[in-house]
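# Inside the fold
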Amino acid sequence: MDTNDYIVQVQDLYYRYDKENVLENINLSIKKGSFLAIVGPNGSGKSTLLKLMLGLIKPQQGLIRLFGQDINKFKEQHKIGFVSQKANSFNTGFPATVFEVVASGLTKKLGLFNFLRKTDHVKIKQAIESVGMGKFLDRNIGELSGGQQQRVFIARALVSEPELLILDEPTVGVDVQNVNSFYGMLETLNKEKGITLLLVTHDIGTISEKVTNVACLNKNMHFHGSAEEFEQLKINDVSEIYGHDVHVLTHDHHHHGGGHLHD
Amino acid sequence: MISGLLQYEFLQNAFLTGMIIGVIAPLLGVFIVVRRLSLIADALSHVTLAGIAASLLLEKKFMIFSGLNPLYMGMAFSVGGSLFIEKLRTVYKHYQELAIPIILSGGIGLGVIFISLADGFNTDLFSYLFGSVSAVSRADLWTILIISILVIALVVLLYKELFLLSFDEEYARATGIAAKTLHFIFIIMVALVIAASMRIVGILLVSSLMTLPVAASIRFAKGFKQTIFFSILFGEVSVLGGLFLSYYLDLAPGGTIVMIAVLILVLAIWLKKRAATRSI
Ligand SMILES: Nc1ncnc2c1ncn2[C@@H]1O[C@H](COP(=O)(O)OP(=O)(O)O)[C@@H](O)[C@H]1O
Ligand SMILES: [Mg+2]
């Protein structure tokens, strides 16, 4: 395996918060330029896996490599943009404008004691425009709808010009009509800007045509392969993958709109 | 009063100190309010009281402490209390707010014991509780000036990190910012500013000078920088207005300052409501 082709490599990973393993024997690799969807029922460890990749928590066992480098030595966090699942449960009374929130995405890249320069202002505005929020520059973040807030958080992740963008259930709280245009926007980022995407979602029906790879997680990695391979799985196999939560997901599959989201 | 200001050093001290804390208390107050840490300011002010009482007790019992400025001991206790709160917050991971009543009651308890040990104070403990125009010494003024220069410089230099920590701690950590160290620096600044402000507004009312101007400005400010600007403006108006009134009407400055801040808050809420109903 050529390390340079892979942006993320996870090997034999185990993680537990308390006594029980939340993740077991996880292997995952994300190729540069790909668009990977991680699906799985609630509590299957998806967010935990992302937190491990971001270095927010440390695994008890296993290896994580980012951009070919061991995660413990990795210092180029600005190459990774992150939109947390919690992004839609932040303090909506927080007095910050869209511009200020997106600017905060440059904090680490600028470094300690440095201030925003003129070129940064341009970058921030571009990032805001790239998610279609150009009109709302000076609005307080709390005055926006859930879907608009989510776009602002994506702009914040994009402003440091990341090579990998990680999104944890970004369409929760986004109205049904906007989910499709939202995924369209992600597709553009992936195809035109070449940003590698990692998306955690329940929305497998809508997303399977847009992604290049799919990983099914439920404590173990039940499936990890290309989107075509995933499409060929019969519904029986899918139920095996999802285990007890199959109802939730087939339900979503039939509705196709993806408006029915579970948290 | 203008002639008084030129004539009396104590008035100059009080006004200069007032102008300084009118800036730094609301400045840190903005971060405190948006991080929902308002009660920490309350807890720390009571710990500061214990420090002041301890200092006054030592002064009374031991000759060598007679020259000691109680402000220093108050600061030491406040900083110590802030560290203790942080420790408690990690011990009670799931009940982080428990740290506050523990520290608050500990502070009062200790303070009351020191006071009773000294058989009550002949000194103006009262002025520490409610603030005083006449009690601020030149030494106090210098100490407070140095603290505020330090605090303002740190807030300016660490502004973008402090903003990110306040807005989204998880994201701050995910991007590799030393959130723990930053929070540590922040809480020590809060402890110092509380001790510094106490001379004028008094221990019981320090936290309101940090929170009320912010509560008012948050009603209508656009963005974080504007919130800071208006908070400082309201803080200044409250402190200077309060000092003038208390001097002329012979009132306790702490109470007067806080009542002006409350008035501004009520006005801000009312104006915002009116603007909202008009636009409909
Ligand atoms: N901070 C935590 N402490 C203890 N257990 C946790 C914590 N976060 C998540 N868990 C548990 O770990 C499991 C996986 O959670 P999570 O990764 O959030 O799943 P998902 O994102 O797939 O819904 C769940 O059983 C959850 O209860
Ligand atoms: Mg999750």
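Residues numbered from 1 in each chain as written. Chains lettered and ligands numbered in written order. Predicted model: local features only at pLDDT ≥ 70, side-chain atom pairs only at ≥ 80, totals over all residues. Heavy atoms only, no water.

## Topic: the site of ligand 1
Residue and element names in this part refer to chain A. Close to ligand 1 lie Tyr17, Asp18, Val22, Pro41, Asn42, Gly43, Ser44, Gly45, Lys46, Ser47 and Thr48. Note that an oxygen atom of ligand 1 is positioned 3.2 Å from one of the backbone N or O atoms of Ser44. Within the contact set of ligand 1, an oxygen atom lies 2.7 Å away from a side-chain nitrogen or oxygen of Ser47. Expressed as a share of its isolated accessible area of 560 Å², the protein-covered part of ligand 1 is 58%. Classifying every residue of the shell around ligand 1 gives three nonpolar, six polar and two charged. (Near = heavy atom within 4 Å. Polar contact = N/O pair within 3.5 Å; in protein donor to acceptor, adjacent residues only side chain to side chain. Areas by Shrake-Rupley, 256 points an atom, 1.4 Å probe, with all protein chains shown as cover. Nonpolar A, V, L, I, M, F, W, Y, C, P; charged D, E, K, R; others polar.)

## Structural notes on the pairing of strand S8 (residues 196–200) of chain A
Residues and elements named next belong to chain A. The buried count for S8 comes to five of five residues, which makes it a mostly enclosed element. Alternating positions in S8 separate into two faces, Thr196, Leu198 and Val200 on one and Leu197 and Leu199 on the other, with burial throughout. With four bridges connecting them, strand S3 (residues 35–39) and S8 associate as parallel partners. In the strand pairing of S8, Leu36 is matched with Leu198. Pairing of strand S7 (residues 164–168) with S8 involves five bridges; the strand directions are parallel. (Buried < 20%, exposed > 50% of the residue type's maximum accessible area, 1.4 Å probe, protein only. Helix = DSSP H or I, 4+ residues; strand = E, 2+ residues; numbered from the N terminus. Pairing = 2+ DSSP bridges.)

## Re the confidence of the model for chain B
Low-pLDDT stretches of the model should not have their predicted coordinates read in fine detail. All names here are of chain B. Mean pLDDT over chain B works out to 90, with 98% of the residues at or above the 70 mark. Put simply, helix H1 (residues 2–7) is where chain B has its lowest mean pLDDT, 75, and helix H8 (residues 159–167) is where it has its highest, 96. Two numbers describe this predicted complex: its pTM, 0.87, and its ipTM, 0.89. (pLDDT = per-residue confidence, 0-100.)

## Comments concerning the environment of Ser207(B)
Residue and element names in this part refer to chain B. Topologically, Ser207 is positioned in helix H11 (residues 206–217). Here Ser207 falls in the buried class, since its relative accessible area comes to 9%. Taking the C-alpha atoms as reference, Ser207 lies 5.5 Å from Asp42; in sequence the two are 165 residues apart. What Ser207 contacts, discounting residues up to four positions off in sequence, is Ala41 and Asp42. (Contact = heavy atoms within 4.5 Å.)

## Let's talk about the coordination of the magnesium ion (ligand 2)
Residues and elements named next belong to chain A. All of the protein donors around the magnesium ion (ligand 2) are Ser47 (OG) and Gln85 (OE1); their distances to the metal are 2.0 to 2.2 Å. Taken as a pair, Ser47 in helix H1 (residues 46–53) and Gln85 in the loop between strand S6 (80–83) and helix H2 (98–103) lie far apart in primary sequence, 38 residues in all. Taking relative accessible area as the criterion, Ser47 reaches 19% and is therefore assigned buried. (Donors = N, O, S within 2.8 Å, 3.2 Å for Na, K, Ca; no water.)

## What to know about helix H10 (residues 179–201) of chain B
Residue and element names in this part refer to chain B. Look at H10: 31 Å from first C-alpha to last across 23 residues, which is about the 33 Å you get at 1.5 Å a residue. Most of H10 is tucked away, with 18 of its 23 residues classed as buried. Where H10 ends, the next residue or the one after it, Gly202, has phi of about 90°, a positive value. (Expected span 1.5 Å × (residues − 1).)

## Regarding unusual backbone geometry
All names here are of chain A. One non-glycine residue with positive phi stands out, namely Asn25, at about 50°. Residue classification places Asn25 among the partly exposed positions, given a relative accessible area of 37%. Backbone geometry at Phe113 places phi at a positive 65°, although glycine is not the residue there. Along the chain, the position of Phe113 falls in the loop between helix H3 (107–110) and helix H4 (118–130). By relative accessible area, which is 45% here, Phe113 ends up partly exposed.

## Examining the interface of chain A and chain B
Between chain A and chain B, the residue contacts involve 32 residues of the former and 27 residues of the latter. Both sides of the chain A and chain B interface together cover about 2600 Å² of buried area, and 62% of this is carbon and sulfur. The salt bridge involving Lys222(B) is made with Glu143(A); its shortest N-O contact spans 3.1 Å. Counting every contact that joins chain A to chain B gives 12 residue pairs in polar contact (both at pLDDT 80 or more). (Buried area = accessible area lost by both parts, 1.4 Å probe. Salt bridge = Lys/Arg side-chain N within 4 Å of Asp/Glu carboxyl O.)

## Overview of the pattern of salt bridges
Residues and elements named next belong to chain B. Taken as a whole and judged by the stated rule, the model has 11 salt bridges over all chains. Where Asp140 meets Arg199, a salt bridge forms, and the shortest distance between an N and an O atom there is 3.1 Å. Linking Asp140 in helix H7 (residues 138–157) with Arg199 in helix H10, this pair joins segments that are 59 residues apart in sequence. Classification of Arg199 by relative accessible area gives buried; the value is 6%. Between Lys160 and Glu161 there is a salt bridge, with the nearest N and O atoms lying 3.1 Å from each other. The pair formed by Lys160 and Glu161 is uniform in burial state, with each residue classed as buried.

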